[in-house]
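Coordinate inspection notes
Take a look at the letters that make up each chain.
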Amino acid sequence: MVLALTVCGIVVALVVLGLFVFGLRRRLIQRSGGTFDCSLRWDVPEEPDTSGKGWSYGVARYNGDRIEWYRVFSYAYRPRRVLERGSIEVAGRRLPEGEEELALLSDAVVLVCVHRGTRLELAMSEDALTGFLAWLEAAPPGQRVNVA
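Residues numbered from 1 in each chain as written. Predicted model: local features only at pLDDT ≥ 70, side-chain atom pairs only at ≥ 80, totals over all residues. Heavy atoms only, no water.

**Describing the pattern of salt bridges**
The test is simple: Should a side-chain nitrogen of Lys or Arg be within 4 Å of a carboxyl oxygen of Asp or Glu, the pair is scored as a salt bridge. Numbering of helices and strands runs from the N terminus, with a helix taken as a DSSP run of H or I at least four residues long and a strand as a DSSP run of E at least two residues long. Relative accessibility under 20% of the residue-type maximum defines a buried residue, over 50% an exposed one, and the middle range a partly exposed one, all with a 1.4 Å probe and only protein chains included.
All told, the structure shown has 10 salt bridges when counted by the stated rule. For the salt bridge of Arg 66 with Glu 68, the shortest nitrogen-to-oxygen distance reads 2.5 Å. With its nearest N and O atoms 3.1 Å apart, the salt bridge here joins Arg 116 to Glu 84. In this pair, Arg 116 sits in the loop between strand 7 (108-115) and strand 8 (118-125) while Glu 84 sits in strand 5 (residues 81-84), placing the two residues 32 residues apart along the sequence. Judged by its relative accessible area of 58%, Arg 116 falls in the exposed class. A relative accessible area of 24% places Glu 84 in the partly exposed class. It is possible to trace a salt-bridge network through shared partners that takes in Arg 41, Arg 94, Glu 100 and Glu 121.

**Some remarks on the sheet that holds strand 1 (residues 35-37)**
The test is simple: Two strands make a pair as long as DSSP finds a minimum of two bridges between them. Convention adopted: a line fitted to C-alpha atoms gives each axis, helices being fitted over their contacting stretch, and angles between N-to-C directions are expressed from 0 to 180 degrees. The contact criterion used is simple: two residues touch if any of their non-hydrogen atoms lie within 4.5 Å.
Ordered by their spatial adjacency, 4 strands build an open sheet running 1-3-4-5, and the pairing between neighbours is antiparallel. The sheet terminates laterally at strand 1 and strand 5, the two strands that pair on one side only. Across this sheet, the average inter-strand angle for adjacent strands is 20°, counted without regard to direction. Its contacts with the sheet put helix 1 (residues 2-30) on strand 1, strand 3 (58-63) and strand 4 (66-71), and the angle it makes with strand 3 is roughly 25°.

**Overview of unusual backbone geometry**
Here the phi dihedral of Asp 43 falls at roughly 60°; this positive angle occurs in a residue that is not glycine. When you line up the elements, Asp 43 lands in the loop between strand 2 (39-42) and strand 3. Among the residues examined, Asp 43 registers a relative accessible area of 58% and is labelled exposed.

**Notes on helix 1**
Filter applied, for reference: Given the number of residues in a helix, its expected span is that number minus one, multiplied by 1.5 Å.
Between its first and last C-alpha atoms helix 1 spans 42 Å; for 29 residues at 1.5 Å apiece the expected length is 42 Å, and the two agree. Taken together, the buried positions of helix 1 are occupied by Gly 18, Arg 25 and Ile 29.

**Here's the deal with the environment of Cys 113**
Tracing the sequence through the fold places Cys 113 in strand 7. Cys 113 sits in the buried class, given a relative accessible area of 2%.

**Focus on the environment of Val 2**
The residue Val 2 is located in helix 1 in this model. For Val 2, a relative accessible area of 65% translates into the label exposed. Sequence separation between Val 2 and Thr 50 is 48 residues, and the spatial gap between their C-alpha atoms is 52 Å.

**A closer look at the pairing of strand 7**
The element strand 7 is largely enclosed, with a buried count of 7 among its 8 residues. In terms of strand pairing, strand 6 (residues 88-94) meets strand 7 through 6 bridges, oriented antiparallel. Bridged to Val 90 within strand 7 is Cys 113. Across 8 bridges, the pairing between strand 7 and strand 8 is antiparallel.

**Topic: the packing of aromatic side chains**
Given two aromatic rings, one states the distance between the centres and the angle between the planes to describe the pair. Our working rule: Centres within 6.5 Å are what make two rings of Phe, Tyr or Trp a pair, Trp counting through its six-membered ring; a difference in plane orientation under 30 degrees is then read as stacked, over 60 as edge-to-face, and the rest as tilted. Over a ring means this: the NZ of a Lys or the CZ of an Arg is within 6 Å of the ring centre and within 35 degrees of the ring normal.
With the rule as written, the count across this model stands at 3 aromatic pairs. Between the aromatic rings of Tyr 62 and Trp 135, the centroid separation amounts to 5.5 Å while the plane-to-plane angle is 50°, which identifies the pairing as tilted. Of this pair, Tyr 62 sits in strand 3 while Trp 135 sits in helix 3 (residues 126-137); the two residues are 73 residues apart in sequence, bridging distant segments of the chain. Of the residues examined, Tyr 62 reaches a relative accessible area of 23% and is grouped as partly exposed. Pairwise contacts between aromatic rings join Phe 36, Tyr 62, Phe 132 and Trp 135 into one cluster. The ring of Trp 42 has Arg 81 sitting right over it, with the charged end atom 4.1 Å from the ring centre.

Shown next, in the form of structure tokens:
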């Protein structure tokens, strides 16, 4: 009986510690500011896929001329993807369709982009989209930015 209670106590403590580390990691990522909730689907086909597969929920952070994207459900402190402003081409935007609506946040808008030849989709709120497009267009003089 004592062993079972000890094991249960250890399991509960590990779960609480894991949740605390998730929260601490997100706080450290957001500490420098310029973050927004952003789902990402990497290397998508030309035709739209509305099955909802491939989306990863994350947090994006502006860092100079780069967007650093972090998975929410990860303990890694380094970004999973880094997108350079000069390499992002916006191919279009759309609203989530079909099962995709269940995989994304309720107010999400999907932005279809190409980054260094790789098609990707970013899903974010309308406010975050406005900020993202403004950030893209605010590139220093001489940088080429393609916004559709």
